[in-house]
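Chain by chain, the residues:
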There are 2 protein chains.
Amino acid sequence: MKKGEQVTIHDIAKALGIDSSTVSRALNNSTRVSKTTKQKILDKATELGYQRNTLASNLRTNKTNTIGVIVPRISRNFFSSVISGIEETAQKAGYNVIICQSFEDFEKEQKLMETLLSNRVDGVLISISMQTETFDHLMPYLNHGGPIVFYDRPCYIENCSSISVDDYKASFMATEHLIENGCKNIVHFSGPQINPLYKNRKRGYVDALKKHGLNFNENYCLESKLSENDGIVFAKEIIKMGHIDGIYSSNDTAAIAAIQYLKSKGVNIPKDIAVVGFNNDPISSVIEPSLTTINQPDFEMGKTAASLLIQQIQDTSFKKTSKVLDVELIVRQSSQHKKV
Amino acid sequence: MKKGEQVTIHDIAKALGIDSSTVSRALNNSTRVSKTTKQKILDKATELGYQRNTLASNLRTNKTNTIGVIVPRISRNFFSSVISGIEETAQKAGYNVIICQSFEDFEKEQKLMETLLSNRVDGVLISISMQTETFDHLMPYLNHGGPIVFYDRPCYIENCSSISVDDYKASFMATEHLIENGCKNIVHFSGPQINPLYKNRKRGYVDALKKHGLNFNENYCLESKLSENDGIVFAKEIIKMGHIDGIYSSNDTAAIAAIQYLKSKGVNIPKDIAVVGFNNDPISSVIEPSLTTINQPDFEMGKTAASLLIQQIQDTSFKKTSKVLDVELIVRQSSQHKKV
């Protein structure tokens, strides 16, 4: 047997100088093979790296007890917490989890779906990339009978379950909180509007302004991928604008980068500009002033997503559902704008 | 064809009402099939989710163009940066990356090795769990000819490349820095001593004390898995000890948790107790006082690890190497202990 080649029962037979049929019988635990011989064969099989039943059996039964997760980026705390929830539920149900990152890139996401399909994962959990507008790349997997559950970023495809938070309500709460704290000129750091999640967040912001009789100004909506660098670029724009007194950012990453830049330029947070973020990243409670933010039940979201998927894997007649989880506003120092 | 079953060329043939041999010829791009028919067959194949060549071809060539990564925990910033480096190099070389978390659990790590073996990944990058003392679980993969490269946590297995940082030197530098800033009673937050990485860090700490004529006190070595909670528990012990003026922690997570607890109890950092961490997590520059810490070339480590692995995949005669990367001490406020 050459290194790198698939080990077969024939290799085991050859190595032990016995017949292949004996090896096959031993591996199938037949009573026709003595205990001693069985043990010898099992030892040699392990030594050679023989993988009994795995690939061949996967081809037969199409079950691998593996769940594939596509995530935009594991470095975001929100996503790594969701994945922790997924892993907990999967582990309890006896599934292994393999994780792939799309890096918010549509082409990469397409390739990953192919990889997961060819790895025959029993189901896929996906949070689509910020670039994803079409869903043809999911069809081969779905047509093949593989279940997909969307998490965080909702996606309206027939026969797919999804789980997300009430982004509209969260944004409404965040914006209203800034208004109630005396802000009148509130900028919104928004994500790509092709994504329903960021669309819903923007809607919540706009409607809260309307409710309180504030004008909506399209120039106050700064759209980006919400990276650290985007936060700094936006902070510079805000300084140029000159009269902004509030920021509601669609994530903590950009909010924190903006706070740090604004502080370095002598802007007082929250006296001059109040800030609310989104995600409740660990860093949000450590930065000074601490960041008011939206807390999402990330771990819970992961657990529920995995549970929906596993139910679908185990029971193809399982009714598809869309779940929306509630969020909470965590009020800290960065939004205490009102001068008493 | 039932949902969930492997799509074959026969299913495509049946769906189109043509002969299987024609489908086979078309998929092999034979000139004996007209362009129009070829297109029809390809369209139907896509629609049905037919996976040409993947599994069958994997069994034949044993190549999947996929790299498996086992990581203790993706939520640690250090590891997610290493993985970013891995992904960059893999992407350029045309490999997909699948990531699995061991959660520092040996049993889980064993299962993941089985999953990666049965998924036929072309190579494995692994940072072993804190519990891992034996390496039998890697043998089936290695015996099968699959290359393994160790990253971050060095592991001395013949024929395996590894890449790590100079943990001894880093620790020596960190401890010496505290001593030079006037600390005399320095506690070390240490990881499990079964792991060479944490052993090396402890050695560096001990030797720096010796060099400067300070006594080494075994009670000052507090061993744990270095979680947030461990940091808090250690901070409480330090307050009880009463005379500690320095902390050198083997990671930022525990260091930051300790700083926050100590601050809440009225301890002045760095005047009463100076602190040095390890990893340069993003949070370390945001916390007040900002944390002096060791910066590791994490992204670089990932890139090099992937490159070593890919060279081994593509050239089995590639000579195995151990690389040790240099680190730097980033001096911030938390270690400015000396009263001038």
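Model, not experiment: these values are computed from the prediction.

Student: Can you help me understand the overall build of chain A in this one?
Tutor: The number of helices and strands found in chain A is 13 helices and 12 strands. Relative to the globule expectation of 20 Å for 340 residues, the C-alpha radius of gyration of chain A, 26 Å, shows a markedly less compact shape. Taken along the three principal axes of its C-alpha coordinates, chain A extends 90 × 40 × 30 Å. Considering chain A as a whole, with its 340 residues, one finds that 58% of them fall into the buried category.

Student: Sorry, what's going on with the interface of chain A and chain B here?
Tutor: Where the parts come together, the accessible area they lose is often given as the size of the interface. With 49 residues of chain A at the interface, the matching set in chain B holds 50 residues. For the pair chain A and chain B, the summed buried area comes to about 4,500 Å², and 52% of that belongs to carbon and sulfur atoms. Where chain A meets chain B, there are four salt bridges. Among the ionic pairs, Lys108(B) bridges to Glu87(A), the shortest N-O distance being 3.7 Å. Linking chain A with chain B are nine residue pairs in polar contact (both at pLDDT 80 or more), by the criterion used here. At seven residues, helix H6 (residues 106-118) of chain A tops the list of elements feeding residues into the side of chain A that touches chain B. Its residues placed into classes, the side of chain A that touches chain B shows 19 nonpolar, 20 polar and 10 charged.

Student: What should I look at first to understand the domain arrangement of chain A in this one?
Tutor: Segmenting chain A into domains produces domain 1 (9-52), domain 2 (65-165 + 298-325) and domain 3 (167-296). Computed from C-alpha atoms alone, the centre-to-centre distance between domain 1 of chain A and domain 2 of chain A is 39 Å.

Student: Please clarify how the packing of aromatic side chains should be interpreted in this entry.
Tutor: Each aromatic ring pair is specified by the distance between its two centres and by the angle formed by the two planes. All names here are of chain A. Taken as a whole, this structure holds eight aromatic pairs over all chains when the rule is applied. Both rings, one in Tyr205 and one in Phe216, keep their centres 6.3 Å apart while their planes meet at 80°; by these two values the pair is edge-to-face. One end of the pair, Tyr205, is in helix H9 (residues 196-211); the other, Phe216, is in the loop between H9 and strand E7 (221-223), and 11 residues separate them in sequence. Lying across the ring of Phe278, Arg201 places its NZ or CZ 3.6 Å from the centre.

Student: What's the story with the relation of the copies chain A and chain B in this structure? I'm lost.
Tutor: In this structure, two copies of a chain are linked by a rotation about an axis accompanied by a shift along it. Here chain A sits on chain B after a turn of 180° about the axis and a move of 0.0 Å along it, with an RMSD of 0.1 Å. As the rotation angle and translation indicate, the two copies are arranged about a two-fold axis. Of the C-alpha atoms belonging to chain A, the one lying closest to the rotation axis is found on Ile99(A), 2.4 Å away. Most of the interface of chain A is mirrored in chain B: 100% of its interface residues are interface residues there too.

Student: Mind showing me how you'd approach the sheet that holds E7(A) here?
Tutor: Residue and element names in this part refer to chain A. If you walk across this open sheet you meet the four strands as E7-E6-E8-E9, and the pairing is parallel. Looking at the sheet topology across the chains shown, the edges are occupied by E7 and strand E9 (274-276). Across the sheet, the mean angle from the axis of one strand to that of its neighbour is 15°, orientation sign disregarded. With four bridges connecting them, strand E6 (residues 186-190) and strand E8 (residues 246-249) associate as parallel partners. Looking across to E8, one finds that His188 is bridged to Tyr248.

Student: Any chance you could explain the packing of helix H10 (residues 228-241) of chain A against helix H11 (residues 252-264) of chain A here in plain terms?
Tutor: All names here are of chain A. At a minimum axis distance of 7 Å, the contact between H10 and H11 shows a crossing angle of 50°. Taken together, the axis directions place H10 and H11 in an arrangement best described as oblique. Helix-helix and strand crossings are classified by hand; for H10 and H11 the assignment is right-handed. Side by side, H10 and H11 meet where Glu228, Gly231, Ile232, Ala235, Lys236 and Ile239 of the first sit next to Thr253, Ala254, Ala257, Ala258, Tyr261 and Leu262 of the second. Residues of the contact of H10 with H11, tallied by class, amount to eight nonpolar, two polar and two charged.

Student: I tried to follow the sheet that holds strand E7 (residues 221-223) of chain B on my own but got confused; where do I start?
Tutor: In sheet architecture, strand pairing relies on hydrogen bonds along the backbone and comes in two forms, parallel and antiparallel. All names here are of chain B. Across the sheet, which stays open at both edges, the four strands sit in the order E7-E6-E8-E9 with parallel pairing between neighbours. Pairing within the sheet leaves two strands with one partner each, and these edge strands are E7 and strand E9 (274-276). Direction aside, neighbouring strands of the sheet carry axes that sit 15° apart on average. Lying over the sheet, helix H11 (residues 252-264) contacts strand E6 (186-190), strand E8 (246-249) and E9, oriented at roughly 150° with respect to E8.

Student: I would appreciate a short explanation of unusual backbone geometry in the present structure.
Tutor: Peptide bonds are trans in most cases, and residues, glycine excluded, mostly fall at negative phi. Residues and elements named next belong to chain B. That bond from Ile269 to Pro270 is cis: its omega, 15°, falls within 30 degrees of zero. Checked against the element boundaries, Pro270 lands in the loop between H11 and E9. Of the consecutive residues Glu288 and Pro289, the connecting peptide bond is found in the cis state with omega at -5°. The residue Pro289 is located in the loop between helix H12 (283-286) and strand E10 (293-295) in this model.

Student: I keep staring at the pattern of salt bridges and nothing clicks. Help me out?
Tutor: Between side chains of opposite charge, a pair can form when the charged atoms approach closely. Residue and element names in this part refer to chain A. Applying the stated rule across the entire model yields 18 salt bridges over all chains. With its nearest N and O atoms 3.6 Å apart, the salt bridge here joins Lys92 to Glu88. Remark: Glu88 and Lys92 occur in helix H5 (residues 77-92); sequence separation between them is four residues, near one turn of the helix. With a relative accessible area of 70%, Lys92 lands in the exposed category. The shortest N-O distance in the salt bridge between Glu176 and Lys211 comes to 2.7 Å. Separated by 35 residues along the polypeptide, Glu176 in helix H8 (residues 167-180) and Lys211 in helix H9 bring together distant segments of the chain. For Glu176, a relative accessible area of 13% puts it in the buried group. What emerges from the salt-bridge pattern is a single network uniting Glu88, Lys92 and Lys303.

Calculation criteria
- Residues numbered from 1 in each chain as written.
- Chains lettered and ligands numbered in written order.
- Predicted model: local features only at pLDDT ≥ 70, side-chain atom pairs only at ≥ 80, totals over all residues.
- Heavy atoms only, no water.
- Helix = DSSP H or I, 4+ residues; strand = E, 2+ residues; numbered from the N terminus.
- Rg over C-alpha atoms; globule rule 2.2 N^0.38 Å.
- Buried < 20%, exposed > 50% of the residue type's maximum accessible area, 1.4 Å probe, protein only.
- Contact = heavy atoms within 4.5 Å.
- Buried area = accessible area lost by both parts, 1.4 Å probe.
- Salt bridge = Lys/Arg side-chain N within 4 Å of Asp/Glu carboxyl O.
- Polar contact = N/O pair within 3.5 Å; in protein donor to acceptor, adjacent residues only side chain to side chain.
- Nonpolar A, V, L, I, M, F, W, Y, C, P; charged D, E, K, R; others polar.
- Domains from an automatic or database assignment.
- Phe/Tyr/Trp six-rings, centres within 6.5 Å; stacked < 30°, edge-to-face > 60°.
- Lys NZ or Arg CZ within 6 Å of the ring centre and 35° of its normal.
- Least-squares fit on C-alpha atoms with pLDDT ≥ 70 in both.
- Pairing = 2+ DSSP bridges.
- Axes fitted to C-alpha atoms, helices over the stretch in contact; angles between N-to-C directions.
- Parallel < 35°, antiparallel > 145°, perpendicular 65-115°, else oblique.
- Left-handed = near helix turned anticlockwise from the far one by under 90°.

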